[in-house]
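Listed here are the chains, written in short residue letters.
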Amino acid sequence: MEFGPRALGHRSLLAEARDRSVNERLNARLRRTEFMPLAPATLPGEAGRCFRGWRADHVASQYMTMCYDVTEEFRELCPAAVHIDGTARPQVVLEDSDDLYALVIRRYIERTGLPALVNTSFNAHGEPIVCSAKDAWRAFFEQDCCDVLALYPFIFSRSDGRTPGQ
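Keep in mind it's a predicted model, so treat the numbers as computed, not measured.

Residues Ala-39 and Ala-41 of strand E2 (residues 39-42) are buried on one face, and the alternating residues Pro-40 and Thr-42, pointing to the opposite face, are buried as well. Alignment of E2 against strand E6 (residues 117-121), held across three bridges, turns out to be antiparallel. By the bridge assignment for E6, Ala-39 is matched with Asn-119.

Glancing now at the nonpolar core. By size, the foremost hydrophobic cluster in this structure holds 43 residues, and its most contacted members are Leu-26, Phe-51, Phe-74, Ile-105, Val-118 and Phe-122. Elements represented by at least two residues in this core include exactly strand E1 (12-15), helix H1 (21-29), helix H2 (44-50), helix H4 (99-112), E6 and helix H5 (133-141). The dominant element in this core, judged by the number of residues it contributes, is H4, at five residues. Residues contacting Phe-122, with those up to four places away along its chain left out, are Arg-11, Ser-12, Leu-13, Ile-129, Val-130, Ala-136, Ala-139, Cys-145, Cys-146 and Leu-149.

Turning our attention to the sheet that holds E1. One open sheet holds the four strands; their spatial order is E1-E6-E2-E5, and the pairing between them is mixed. Of all the strands in the sheet, just E1 and strand E5 (91-92) have a single pairing partner and so form its edges. The sheet contact formed by E1 and E6 spans four bridges and is antiparallel. Residue pairing for E6: Leu-13 is matched across the bridge by Thr-120. Lying on the sheet, H4 is in contact with E1, E2, E5 and E6; it crosses E2 at an angle near 95°.

What counts, and where the lines are drawn
- Residues numbered from 1 in each chain as written.
- Predicted model: local features only at pLDDT ≥ 70, side-chain atom pairs only at ≥ 80, totals over all residues.
- Heavy atoms only, no water.
- Buried < 20%, exposed > 50% of the residue type's maximum accessible area, 1.4 Å probe, protein only.
- Helix = DSSP H or I, 4+ residues; strand = E, 2+ residues; numbered from the N terminus.
- Pairing = 2+ DSSP bridges.
- Core = buried A, V, L, I, M, F, W, Y, C linked by side-chain atoms within 4.5 Å.
- Contact = heavy atoms within 4.5 Å.
- Axes fitted to C-alpha atoms, helices over the stretch in contact; angles between N-to-C directions.

Rendered as structure tokens:
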């Protein structure tokens with residue numbers, strides 16, 4: 001599990017970045033305000049086409065601690081990951097540093113053609129970020145934070161008829 005002030009893939013909610021309404025739906029579901037923006041997660045091979053001035057030696061971009069102006073292409077392709085002022089605070093995931101998370105992002109890019117997906121912390125507003133399987137289960141079933149829960153090696157979905165304890 002990562003640590004620090006950001007959800008860096010292991011305690012995250014991931015969503016498609018193509019639809020701007022993702023922000024409103026996630027913020028409503030998580031009881032957050034629009035002032036709590038979502039972040040794009042991408043790979044280094046895509047970052048240069050998304051964020052003006054991004055360079056591979058910007059290590060802090062791996063931790064969502066640098067803000068960049070976005071390119072016009074990124075603004076059009078991934079509006080859900082762009083702040084109202086035309087910036088984004090990305091997480092650029094190195095493929096050799098986090099193989100599973102990087103693989104999820106790689107497959108998303110390959111399947112959608114989009115250069116990034118949305119990443120936000122897995123918690124409702126006012127609740128601590130999930131830190132255990134029990135926390136994730138509670139956020140999924142009791143707080144309705146998401147539709148699908150990937151809790152390696154299991155995947156739970158609200159549409160599959162499962163209920164807590166099954």
